[in-house]
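Here is what each chain is made of, one letter per residue.
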Amino acid sequence: MTTTVLCAPGSGARAPSARRAGTSRARRSSALRLLVLAAALLGALFGGAAPASAHAALTGSTPAQGSVVQSAPEQVTLTFSEGVAMSDDSVRVLDPQGKRVDRGKLRDLCSGETVKYGAGLPPGLPDGTYTVAWQAVSADSHPVSGAFTFSVGAPSETSAPLPQQEAGGGVVGALYGIARYLAYAGFVVLVGGAAFVLICRPAAARVRSVQRLVARGWAALTAATIAMLLLRAPYTTSGDLADVFDLGGLRQVLETKPGAALVSRLLLLAAAALFVAVLFGAYARAQQDEGRAGQDEGRTDAEGADEAASGAPDALAGDAKRRKDLTFGLSVGGAIVAVGLAATWAMAEHASTGLQTAVAMPVDVLHLLAVATWLGGLTALLVSLYRGPSVARSAVRRFSRLAFGSVLVVVATGVYQSWRQVGTWQALTDTSYGKLLLAKAVLVVVLVGFAWFSRRWTARLGEGPAPEAEAAAVLESVAARTETTTARYEAAPEGATAPEGATAPPGGATGPPDGATAPAGTDGSTAEAEADPERAAQLARQRAALATARTKRIRDADPERSGLRRSVLAEATVAVVVLAVTTVLTSTEPARTEAAVKAAGGAGQSADANQPKVLNIPFDTGGPRGKGTARVDLDPGRSGSGNALHLRLADPDGRTVDVPEVKVSFTLPDKDLGPLPVTLDHVSEGHWSARDVQLPVPGQWQLSLVVRTSDIDQVTETRNVKIN
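This one's a predicted model, so the numbers in the text were calculated from it and none came from an experiment.

> Please clarify how the overall build of the chain should be interpreted in this entry.
Counting its regular elements, the chain contains 17 helices and 18 strands. The proportion of buried residues among the 724 residues of the chain is 46%. Intrachain contacts of the chain at a sequence separation of at least 6 include 73% that bridge at least 24 residues. Of the roughly 34900 Å² that the chain leaves accessible, carbon and sulfur atoms contribute 58%.

Here's what the structure looks like:
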């Protein structure tokens, strides 16, 4: 009996000299590749899958945390490190009994680069300790919250309830974090797997395991995006899982930047579904036709040769053009969809706020695409090595070059992102974000080590099967033929002639060889199986399992490919952990912001440069009821921007009083500027205000206050006020 083993072109035993030459070349390049991969620590680690600039942080408040003021303020103001989204219920002021006392209307006090919001307070608040609870959504889409206290007159006991959990915490926060991780993982697998098929191994479009991988990546990203869209409202507000199906909250989410980004991602995923369908449909069939054309070229019979000579050239040229057009269209369309998907992260999260956003957002897109190409392609290679036909050396080496280029992009973009979010070397050890980065660095060192071993195995691969695999294929083929022949004899009626072309089993035996088991479904019950569809399906599954087992034994007999599979599996395992740490980093306050808050004296503490100027000026006009106190509030108390001025008069008992006339003016003696009069509007009893008060330059200004209580009783008081 003659057994034919079909091998890939160029198969056969490899000469020892050729193997030694390949190993030598690998050693010469391994040092350079290892250095570049190690440099990815500055990029893949510090940049992360979603590079950050900052979460918003509270850098100042009026009144300051823990402060004691002599009289009740007109409003409570909060100053943040970056832009935030707030609503009327975002700031709540509670009295000592826990009753809400603010006016319930948020005041936007932002000016220039200063991000400030306020909540108005009614006049005449009694003495005691008041609690300010606030919640906001930072410009990078993460919720932030906090609380602090201040006292009027003197501190007192308070029973005001404080939030039991931080914004974005609890069950909703955990679910949102899981959805965020699945979104990153799905994006990596979808983009990287498709790139692996188009660039490295077009034949993988016909491999069922690769098809499932990319399709599941699309499904994971789609499901995670829908989950994030539904969880967004409770994640940033109530934290109650029951609010997931609140249509009012969903409508509000759709009006925000993160909500618009999630909806855009869903629309792009619809286009991605069409891309995947074409990739594993028309493109896979084109690759299959290419394989059949190669077999047709090998026909040697005369009829086949005449047929090939007459019509094959035109057909082959048409198929080649069709494959080329499909490849070009999928490459362009896939690149557009991939860039769009990456942009939904860049335009709604960390890169969209902070320093140099016009540069950071495109850099973020490049970083995400490079990480997806690297880690997603690695996952596709792993699946190809463990499931499906043997992977050719050329495909593995193409991916090696693609991954090497991706690492270079990760390094370049990651270094820039590291500077944006960390700022200083000291922040690596002094902040929570920096410590997470260092932990991630240890993981990537391990990842680089496994990658180095994978490259060594890649250099040792042959173009065809290894001699050990060829021997295993021969043994499996002989075993399969023997089992099939034995089964045919068993199935034949007694005394019948052997089927045409069949050879008697060795030794003239009428049954299977000792220790051999006939394949399921090839015994005398074949006719019974044909009459029973359920039995036939069971036998078909058994035959498929046997064929899969034989293919696995042949594949595992190749020592180089077995070593490559093990090292790639280790790489992919570490990559999963690295991606998980990266997801945690995206919800951690970056080092630059944490350091800025510490420099400002801590979140909720008052920084003098961010505080309005408040002056309490006693006056006495000398006439009846001529004594009192004037309170002047100048907000934000800075030069070059419109300031709001509020003037309130009170008698010695603290009751508001009206007077016939008040005047305010500013003078800067050092610059010979002024007096600059302020036009006051009478708002209510004892209350005057003016907007857009312009003080052109910073310095030590002199405020002049004129109070007239009668036709002849008048006084002028002056105070110094520093304008920043």
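Next comes the rest of the write-up.
> It is not clear to me how the pairing of strand E1 (residues 58-62) should be interpreted in this structure. Could you clarify?
When a strand is regular, its side chains alternate between the sheet's two faces. Most of E1 sits inside the fold, with 5 of its 5 residues counted as buried. Summarising the sheet, E1 and strand E3 (residues 75-80) pair through 4 bridges and their orientation is antiparallel. Paired with Thr62 across the strands is Thr77, a residue of E3.

> Looking at this structure, I do not really get the packing of aromatic side chains. What am I missing?
Centre-to-centre distance and the angle between the planes together describe a pair of aromatic rings. Enumeration according to the criterion identifies 6 aromatic pairs in this entry. Relative to Phe399, the ring of Phe196 has its centre 6.0 Å away and its plane inclined at 70 degrees; by these criteria the two rings are edge-to-face. Pair noted here: Phe196 is in helix H3 (residues 170-200) and Phe399 is in helix H10 (residues 393-421), with a separation of 203 residues, a long-range link. Residue classification places Phe196 among the buried residues on the basis of a relative accessible area of 1%. The buried category is assigned to Phe399, whose relative accessible area is 6%. Three or more aromatic residues joined by ring pairs form one cluster here, namely Tyr184, Phe187 and Trp345. The aromatic ring of Trp345 is capped on one face by Arg265, whose charged end is 3.9 Å from the ring centroid.

> I tried to follow the sheet that holds strand E15 (residues 681-684) on my own but got confused; where do I start?
Sheets are built from strands paired through backbone hydrogen bonds, the pairs being either parallel or antiparallel. Strand order in the open sheet formed by 5 strands is E10-E11-E12-E16-E15, with antiparallel pairing between adjacent strands. Looking at strand neighbours, the two that pair on one side only are strand E10 (613-620) and E15, the edges of this open sheet. Going across the sheet, the axis of each strand differs from the next one's by a mean of 25 degrees, ignoring polarity. Pairing analysis gives 5 bridges linking strand E12 (residues 643-650) to strand E16 (residues 687-693), with the strands arranged antiparallel. Looking at E16, one finds that Leu645 is bridged to Ala690.

> What am I meant to see in the pattern of salt bridges here?
In total, this model carries 14 salt bridges according to the counting rule given. Its salt-bridge partner being Asp88, residue Lys105 comes within 3.9 Å of it at the nearest N-O pair. Of this pair, Lys105 sits in the loop between strand E5 (91-94) and strand E6 (106-108) while Asp88 is found in the loop between strand E4 (84-85) and E5, placing the two residues 17 residues apart along the sequence.

> Just to check I follow, could you spell out the pairing of E12 for this structure?
The element E12 is largely enclosed, with a buried count of 8 among its 8 residues. Side chains of E12 alternate between two faces, with Asn643, Leu645, Leu647 and Leu649 and Ala644, His646, Arg648 and Ala650 buried alike.

> Sorry, what's going on with a nonpolar patch on the surface here?
A cluster of nonpolar side chains, Val171, Leu175, Ile178, Leu182 and Leu241, forms an exposed patch at the surface whose accessible area comes to about 420 Å². Assignment of secondary structure puts Ile178 in helix H3.

> What am I meant to see in the packing of H3 against H10 here?
Between two packed helices, what matters for the description is the angle formed by their axes and the separation of those axes. One can describe the packing of H3 onto H10 by two numbers: an axis separation of 10 Å at closest approach and a directional angle of 120 degrees. By the angle between their axes, H3 is oblique relative to H10. Our pair here, H3 against H10, has a crossing hand that is right-handed. Taking contact as the criterion, the partners of Phe196, Ile199 and Cys200 in H3 are, on H10, Ala395, Arg398, Phe399 and Leu402. Here the residues of the contact of H3 with H10 sort into 6 nonpolar, no polar and 1 charged.

Definitions and limits used
Residues numbered from 1 in each chain as written. Predicted model: local features only at pLDDT ≥ 70, side-chain atom pairs only at ≥ 80, totals over all residues. Heavy atoms only, no water. Helix = DSSP H or I, 4+ residues; strand = E, 2+ residues; numbered from the N terminus. Buried < 20%, exposed > 50% of the residue type's maximum accessible area, 1.4 Å probe, protein only. Contact = heavy atoms within 4.5 Å. Areas by Shrake-Rupley, 256 points an atom, 1.4 Å probe, with all protein chains shown as cover. Pairing = 2+ DSSP bridges. Phe/Tyr/Trp six-rings, centres within 6.5 Å; stacked < 30°, edge-to-face > 60°. Lys NZ or Arg CZ within 6 Å of the ring centre and 35° of its normal. Axes fitted to C-alpha atoms, helices over the stretch in contact; angles between N-to-C directions. Salt bridge = Lys/Arg side-chain N within 4 Å of Asp/Glu carboxyl O. Patch = residues over 30% accessible without salt bridge, like charges linked within 9 Å, V, L, I, M, F, W, Y side chains within 5 Å. Parallel < 35°, antiparallel > 145°, perpendicular 65-115°, else oblique. Left-handed = near helix turned anticlockwise from the far one by under 90°. Nonpolar A, V, L, I, M, F, W, Y, C, P; charged D, E, K, R; others polar.

Purely geometric numbers; function is a separate question.
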